[in-house]
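Here is what each chain is made of, one letter per residue.
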Amino acid sequence: MFSRALEVEARLVLTWPGGHDIQLAASGSYLILNVPSQQVLDLITAGPPQPPGAPKAPKKPGPDPLQQLHQLARRLGLVLDLRVGGKTYVLFGLADRNGPKITLSAVLGKIGSFFK
């Protein structure tokens, strides 16, 4: 376990294929990753492209990747605020939580993405 939190200062803009800007800002132990829309987040998290009509691969057994990210952030003393369209979506690394904090915006955004 680290005795001190990691301190970060950064501003970075990544352009995802299709011209979508993904912004990363960090100050101290707080990081904000802003994705422009739910559709872009879905593209980023979809994994490698699959051929049309290919069956979806079953979920592999093992630890939940979001829980692993949360635990890593906690060990480093960081808070990662994942935002979609400027609204907080999920918070990772909060010391008083056992898992990531998922917001109502995340739930509504994911439900809304099914209809687009």
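Scoring rules and cut-offs
- In this convention, every chain numbers its residues from 1, walking through the sequence in written order.
- Only residues with pLDDT of 70 or above have their local features reported here, since the model is predicted, and side-chain atom pairs are shown and tallied only from 80 upward, although totals for entire chains, interfaces and linings are computed over all residues.
- Hydrogens are left out, water is left out, and the side-chain values use all remaining heavy atoms of the structure.
- Three exposure classes are used, based on accessible area relative to the maximum for each residue type with a 1.4 Å probe and protein chains only: buried under 20%, partly exposed in between, and exposed over 50%.
- In this description a helix means any DSSP run of H or I spanning at least four residues, a strand means any run of E spanning at least two, and both kinds are numbered starting from the N terminus.
- Picture the helix axis, draw a direction to every C-beta atom, and the arc is the one those directions span.
- A cavity here means a set of points on a 1 Å grid, drawn over the protein atoms and nothing else, where a 1.4 Å probe fits but cannot get out; a pocket is an open set with protein on both sides within 12 Å along at least five of seven lines, and a residue lines either one if it has an atom within 4 Å of a point.
- Grid points are joined across faces, edges and corners, and a volume is the space filled by probe spheres set on the points.
- The classification used treats Ala, Val, Leu, Ile, Met, Phe, Trp, Tyr, Cys and Pro as nonpolar, Asp, Glu, Lys and Arg as charged, and all other residues, Gly among them, as polar.
- For this analysis, residues touch if any pair of their heavy atoms sits within 4.5 Å.
- In this description, strands pair whenever DSSP reports at least two bridges between them.

K.L.:
Can you walk me through helix α1 (residues 38–45) in this structure?
P.N.:
Owing to its 3.6 residues per turn, the α-helix aligns residues three or four sequence positions apart on the same side. All of the buried residues along α1 are Gln 38, Val 40 and Leu 41. Buried residues of α1, seen end-on, are gathered within an arc of 160 degrees and therefore sit on one face of the element.

K.L.:
Got a minute to help me understand the layout of surface pockets in this structure?
P.N.:
One water molecule sets the probe size; rolling that probe over the atoms shows where empty space is left. In this structure, the largest pocket spans a volume of roughly 1300 Å³. Together, 37 residues line the largest pocket, and Leu 41, Ile 44, Thr 45, Ala 46 and Gly 47 are the ones closest to its centre. Only β1 (8–16), β3 (30–35), α1, α2 (65–76), β4 (79–84), β5 (87–92) and α3 (104–113) provide two or more residues apiece to the lining of the largest pocket. Top element by residues in the lining of the largest pocket is α1. It accounts for 5 residues. Residue composition of the lining of the largest pocket, grouped by class: 25 nonpolar, 6 polar and 6 charged.

K.L.:
So what exactly am I meant to see when it comes to the environment of Gly 99 here?
P.N.:
Following the sequence through the fold, Gly 99 ends up in the loop between β5 and β6 (101–102). Here the alpha-carbon distance between Gly 99 and Gln 67, two residues 32 residues apart in the chain, equals 5.9 Å. Leave out the neighbours within four places in its chain, and Gly 99 touches Gln 67 and His 70.

K.L.:
Even after reading the chapter, I still don't get the pairing of β4, so can you show me in this structure?
P.N.:
On a regular strand, each side chain points to the face opposite its neighbour's, so the side chains alternate between the two faces of the sheet. Within β4, 5 of the 6 residues are buried, which leaves it mostly tucked inside the rest of the structure. Examined bridge by bridge, β3 and β4 share 6 bridges and lie parallel to one another. Directly across from Leu 31, in β4, lies its bridge partner Leu 80. The sheet contact formed by β4 and β5 spans 5 bridges and is antiparallel. Residue pairing across strands places Arg 83 opposite Thr 88, the latter belonging to β5. The turn linking β4 back onto β5 is made up of 2 residues, and Gly 85 within it adopts a positive phi angle of 60 degrees.

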